[in-house]
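Residue-level structural notes
The primary structure of each chain is shown beneath.
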Amino acid sequence: AQSVTQLDSQVPVFEEAPVELRCNYSSSVSVYLFWYVQYPNQGLQLLLKYLSGSTLVKGINGFEAEFNKSQTSFHLRKPSVHISDTAEYFCAVSDGQAGTALIFGKGTTLSVSS
Amino acid sequence: GAVVSQHPSRVICKSGTSVKIECRSLDFQATTMFWYRQFPKQSLMLMATSNEGSKATYEQGVEKDKFLINHASLTLSTLTVTSAHPEDSSFYICSAFIPQGSYEQYFGPGTRLTVT
């Protein structure tokens, strides 16, 4: 079964600093990868996804992620964060079969301070 | 983009009562919906897969008689927490799957259930 490991439970950064949130997944023949953001008491919003093609994926709000098959990683990056980026971030994986549920990592709390 | 709604957004009920949570896909038909549960400061745990017109598939450890799921139409799935207890207090989130193209799931805004 697929599994997802988010290596950092909390990441504190200062405003305008770069940030990387790490995500590793268990290997599979084919895999779809996602990053979601969750603000307090809200549902999940898709930041970006990797299905196939270019390994560098650009998403909303200035975020991007790189799919690295050899390292089974899908780290999320942003070159300059804002206070409003403070939220919980979840990495998720699907096994590529239509209609299957996502498997989520435990989440990373990004705290941006001034 | 596709929109999924949940109702209610918050509910407080007394121990022993039942609560129904609705999940609707507003602008698309969803043959498959998923129900997740999220405890405070934790990740989303899949509870069950809801398929229109058939019985839900429950994950290991989820009591199907306690968490009743009905997917009666292509736009509505309901989760009923029966005989709720304080330990059922949680954030329940549904998602709907669009089978064509993107393999993306669209998530509802969640329902905060508090059992007193």
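All figures in this text were calculated on a predicted structure; none of them were measured in a lab.

**Quick look at the sheet that holds strand β7 (residues 67-73) of chain B**
Residue and element names in this part refer to chain B. Overall, antiparallel pairing links the four strands, which are arranged β1-β3-β8-β7 in an open sheet. Where the open sheet ends on each side, the last strands, each with one partner, are β1 (4-7) and β7. Geometrically, the sheet is characterised by an average inter-axis angle of 15 degrees between neighbouring strands, direction not taken into account.

**A short note on the interface of chain A and chain B**
Taken together, the contact between chain A and chain B spans 22 residues of the former and 21 residues of the latter. Each partner contributes to the roughly 1,600 Å² buried at the junction of chain A and chain B, and carbon and sulfur atoms together form 59% of this total. Here chain A is connected to chain B by zero salt bridges. Seen at the junction of chain A and chain B, the total is five residue pairs in polar contact (both at pLDDT 80 or more). In terms of residue count, the dominant contributor to the side of chain A that touches chain B is strand β5 (residues 32-38) of chain A (four residues). Each residue belonging to the side of chain A that touches chain B can be placed in one class, and the counts come to eleven nonpolar, nine polar and two charged.

**Looking at the state of the cysteines**
Residue and element names in this part refer to chain A. This structure, assessed with the given rule, holds two disulfides over all chains. A disulfide bridge connects Cys23 with Cys91, and the sulfur atoms are separated by 2.0 Å. When the S-S torsion is -65 degrees, as for the bridge of Cys23 with Cys91, the disulfide is left-handed. You can see Cys23 sitting in strand β4 (residues 23-25) and its partner Cys91 sitting in strand β10 (residues 87-94), a full 68 residues away along the chain.

**Remarks on the packing of aromatic side chains**
Residues and elements named next belong to chain A. According to the stated counting rule, one finds 13 aromatic pairs over all chains in the structure shown. Considering the side-chain rings of Tyr50 and Phe67, the 4.2 Å spacing of their centres and the 20 degrees angle between planes classify their relative orientation as stacked. In this pair, Tyr50 is assigned in strand β6 (residues 44-50) and Phe67 in strand β8 (residues 64-68), connecting sequence segments 17 residues apart. Tyr50 sits in the buried class, given a relative accessible area of 9%. Owing to a relative accessible area of 10%, Phe67 belongs among the buried residues under this scheme.

**A few points about the nonpolar core**
Counting 27 residues, the largest nonpolar core has Leu33(A), Trp35(A), Leu47(A), Leu48(A), Phe74(A), Leu76(A) and Tyr89(A) as the members making the most contacts within it. No other element matches β10(A), which puts four residues into this core. One finds Val4(B), Ile21(B), Phe67(B) and Val115(B) within the second-largest nonpolar core, a separate group that totals 25 residues.

Cut-offs and rules
- Residues numbered from 1 in each chain as written.
- Chains lettered and ligands numbered in written order.
- Predicted model: local features only at pLDDT ≥ 70, side-chain atom pairs only at ≥ 80, totals over all residues.
- Heavy atoms only, no water.
- Pairing = 2+ DSSP bridges.
- Helix = DSSP H or I, 4+ residues; strand = E, 2+ residues; numbered from the N terminus.
- Axes fitted to C-alpha atoms, helices over the stretch in contact; angles between N-to-C directions.
- Contact = heavy atoms within 4.5 Å.
- Buried area = accessible area lost by both parts, 1.4 Å probe.
- Salt bridge = Lys/Arg side-chain N within 4 Å of Asp/Glu carboxyl O.
- Polar contact = N/O pair within 3.5 Å; in protein donor to acceptor, adjacent residues only side chain to side chain.
- Nonpolar A, V, L, I, M, F, W, Y, C, P; charged D, E, K, R; others polar.
- Disulfide = S-S within 2.5 Å.
- Phe/Tyr/Trp six-rings, centres within 6.5 Å; stacked < 30°, edge-to-face > 60°.
- Buried < 20%, exposed > 50% of the residue type's maximum accessible area, 1.4 Å probe, protein only.
- Core = buried A, V, L, I, M, F, W, Y, C linked by side-chain atoms within 4.5 Å.

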